[in-house]
Amino acid sequence: MEKNISFKLKVWRQKSPKAQGQFVTYDVNDIPTDTSFLEMLDIVNEQLIEKGEEPIVFDHDCREGICGMCSLYVNGHPHGPATGATTCQLYMRRFNDGDTITVEPWRSAAFPVIKDLMVNRNAFDQIQQAGGYVSFNTGGAQDANAIPISKVAADEAMDSASCIGCGACVAACKNGSAMLFVSAKVSQFALLPQGRAEAKKRVKAMLSKMDELGFGNCTNTGACAAECPKNIKLSNISRLNREFLGAKCSD
Ligand code: SF4
Ligand code: FES
C-alpha cells in the first residue's frame, strides 16, 4: 500500500576528481513509496536547485535495468538492497520512515570519481575494445538450423550476454577485480561456434587489458556474483580461466 516516508539522505559530494569529498546529509520529507530511487534523487535535486544549491550529480540513462549507468552504492550494497535489480529498479518501498540512507559512488581505483556519485567507467569500454567482439563479416542471416547449437550452450551464452557492464562486480570486490565482467563477455562468444575463431586472441587481449588498467585479481570470494544485478554466474570465471589456460598452452 502506498504511503509517504521521510528520511535522512547521506550523500557523497565531491566537486571534482581531485577534490576531497565528504558526506552531506539532507532531510528528505514526504516521498511516496512508489517513487523509484532515481526519481527520489530527482526530487531532492529540484529542491536543491530551488534553494540555489548545486544538484547531486549521478549517472543514469535507460532507467529500466538495461544500460548499466545507475552505478550507486546504497546502504553498503552496489545497486542497493534489492537482489537481481539495478538502482533504477529500486523503489522507496524498500526503505522505512525515519531511516538514514547512505549513497556513495563505486569505490575502485579503476573507476575514478568524476563528480559526486558519477564515476568514469571507461576502463570497461577499453576492455571491450580489446576483444569483446567478432571481427569478421558474418554475412546475411542464415537459416536458424544451418549451424547446430545446443540449447544448453545457447541459453548459457544468452545468460552471459545479459551483463550490462555496470561495474557492480568491481565495486563489490575487495580486490577491485573485473573478472566477472570479463568472464561474461568472453563466455558469450566462447560458447558459440561464431565466437570460437577468435577465442584465443580474445581472451588473452581482454585479460591483458584488464591487468593493464589496474583491476585487482580474483580470490574467489564471490561478492561479485552475489551483488550482480543480472545474476551473472561465477561459473563464467571458471570458463574464463579454462579459456585463458587453453590459449596460453597453444602459444
Ligand atoms: S557481471 Fe554483473 S555486476 Fe559485473 S558488470 Fe556485468 S552486470 Fe554488472
Ligand atoms: S539507468 Fe540504465 S540500468 Fe539503471
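Bear in mind that the values here come from a model prediction, so they are computed numbers and not experimental data. (Residues numbered from 1 in each chain as written. Chains lettered and ligands numbered in written order. Predicted model: local features only at pLDDT ≥ 70, side-chain atom pairs only at ≥ 80, totals over all residues. Heavy atoms only, no water.)

A look at the overall build of the protein
So, step 1. What the protein contains, in helices and strands, is 9 helices and 7 strands.
So, step 2. In terms of principal-axis extent, the alpha carbons of the protein reach across some 60 × 40 × 35 Å.
So, step 3. Expressed as a percentage of contacts within the protein between residues at least 6 apart in sequence, the contacts between residues at least 24 apart total 72%.
So, step 4. Summing over all exposed atoms, the protein offers an accessible surface of approximately 12,800 Å²; the carbon and sulfur share of this is 49%. (Helix = DSSP H or I, 4+ residues; strand = E, 2+ residues; numbered from the N terminus. Contact = heavy atoms within 4.5 Å. Areas by Shrake-Rupley, 256 points an atom, 1.4 Å probe, with all protein chains shown as cover.)

Overview of the pattern of salt bridges
So, step 1. Tallying each qualifying case throughout the model produces 10 salt bridges.
So, step 2. As a salt-bridge pair, Arg63 and Asp42 come within 2.9 Å of each other at their nearest N and O atoms. Taken together, the residues span a long stretch of sequence, with Arg63 in the loop between helix H1 (37-50) and strand E3 (72-74) and Asp42 in helix H1 at a distance of 21 residues.
So, step 3. Look at Arg63 and you get partly exposed, because its relative accessible area is 28%.
So, step 4. Taking the relative accessible area as the measure of exposure, Asp42 reaches 26% and is therefore partly exposed.
So, step 5. Residues Arg107 and Glu104 are paired through a salt bridge, measuring 3.1 Å at the closest nitrogen-oxygen approach. (Salt bridge = Lys/Arg side-chain N within 4 Å of Asp/Glu carboxyl O. Buried < 20%, exposed > 50% of the residue type's maximum accessible area, 1.4 Å probe, protein only.)

Things to note about the environment of Val74
So, step 1. Its place among the elements puts Val74 in strand E3.
So, step 2. On a C-alpha basis, the gap between Val74 and Thr87 in space is 8.3 Å, while along the polypeptide they are 13 residues apart.
So, step 3. Filtering out sequence-adjacent residues up to four positions away, Val74 remains in contact with Phe37, Gly80, Phe95, Ile101, Thr102 and Val103.

Concerning the site of ligand 1
So, step 1. Lining the immediate surroundings of ligand 1 are 13 residues, of which Cys163, Cys166, Gly167, Cys169 and Cys228 lie closest.
So, step 2. For the shell around ligand 1, the secondary-structure elements that each account for two or more residues are helix H4 (168-172) and helix H5 (179-190). (Near = heavy atom within 4 Å.)

A look at unusual backbone geometry
So, step 1. A positive phi angle, near 60 degrees, is found at Arg63, a position not held by glycine.
So, step 2. Positive phi outside glycine occurs at Asn75, with the angle close to 50 degrees.
So, step 3. By the element assignment, Asn75 lies in the loop between E3 and strand E4 (77-78).
So, step 4. You can call Asn75 partly exposed: its relative accessible area is 32%.

Here we look at the domain arrangement of the protein
So, step 1. Each domain of the protein was delimited in the assignment, giving domain 1 (4-115) and domain 2 (121-249).
So, step 2. If you look at the interface, domain 1 gives 18 residues, while domain 2 gives 18 residues.
So, step 3. Interface area for domain 1 against domain 2, summed over the two sides, is near 1,400 Å², with a carbon-plus-sulfur share of 58%.
So, step 4. Three residues, Pro78, Ala110 and Phe111, lead the burial of domain 1 against domain 2; their summed loss comes to 35% of the area buried on that side.
So, step 5. Inspection of the region where domain 1 meets domain 2 yields 7 residue pairs in polar contact (both at pLDDT 80 or more).
So, step 6. Residue classes in the side of domain 1 that touches domain 2 are distributed as 9 nonpolar, 8 polar and 1 charged. (Domains from an automatic or database assignment. Buried area = accessible area lost by both parts, 1.4 Å probe. Polar contact = N/O pair within 3.5 Å; in protein donor to acceptor, adjacent residues only side chain to side chain. Nonpolar A, V, L, I, M, F, W, Y, C, P; charged D, E, K, R; others polar.)

Remarks on helix H9 (residues 235-249)
So, step 1. With 15 residues, H9 ought to run about 21 Å at 1.5 Å a step, and its terminal C-alpha atoms sit 21 Å apart, in line with that.
So, step 2. Among the residues making up H9, those that are buried are Asn236, Ile237, Arg239, Leu240, Glu243 and Ala247. Down the axis of H9, the smallest arc covering the buried residues is 155 degrees, so these residues share one side. Turned more than 90 degrees off the buried face of H9, the exposed positions are Arg242, Leu245 and Cys249. (Expected span 1.5 Å × (residues − 1). Arc of directions from axis to C-beta.)

Focus: the nonpolar core
So, step 1. Phe124, Ile127, Leu180, Val182, Met210 and Phe215 are the most contacted members of the largest nonpolar core, which has 36 residues in total.
So, step 2. Looking at this core, the elements that each hand over two or more residues are helix H2 (122-131), H4, H5, helix H7 (199-212), helix H8 (223-227) and H9.
So, step 3. Here this core gets 7 residues from one element, more than from any other, and that element is H5.
So, step 4. Two domains each donate at least three residues to this core, and these are domain 1 (4-115) and domain 2 (121-249).
So, step 5. Ranked by size, the runner-up nonpolar core spans 28 residues in total, among them Val11, Ile56, Leu72 and Leu117. (Core = buried A, V, L, I, M, F, W, Y, C linked by side-chain atoms within 4.5 Å.)

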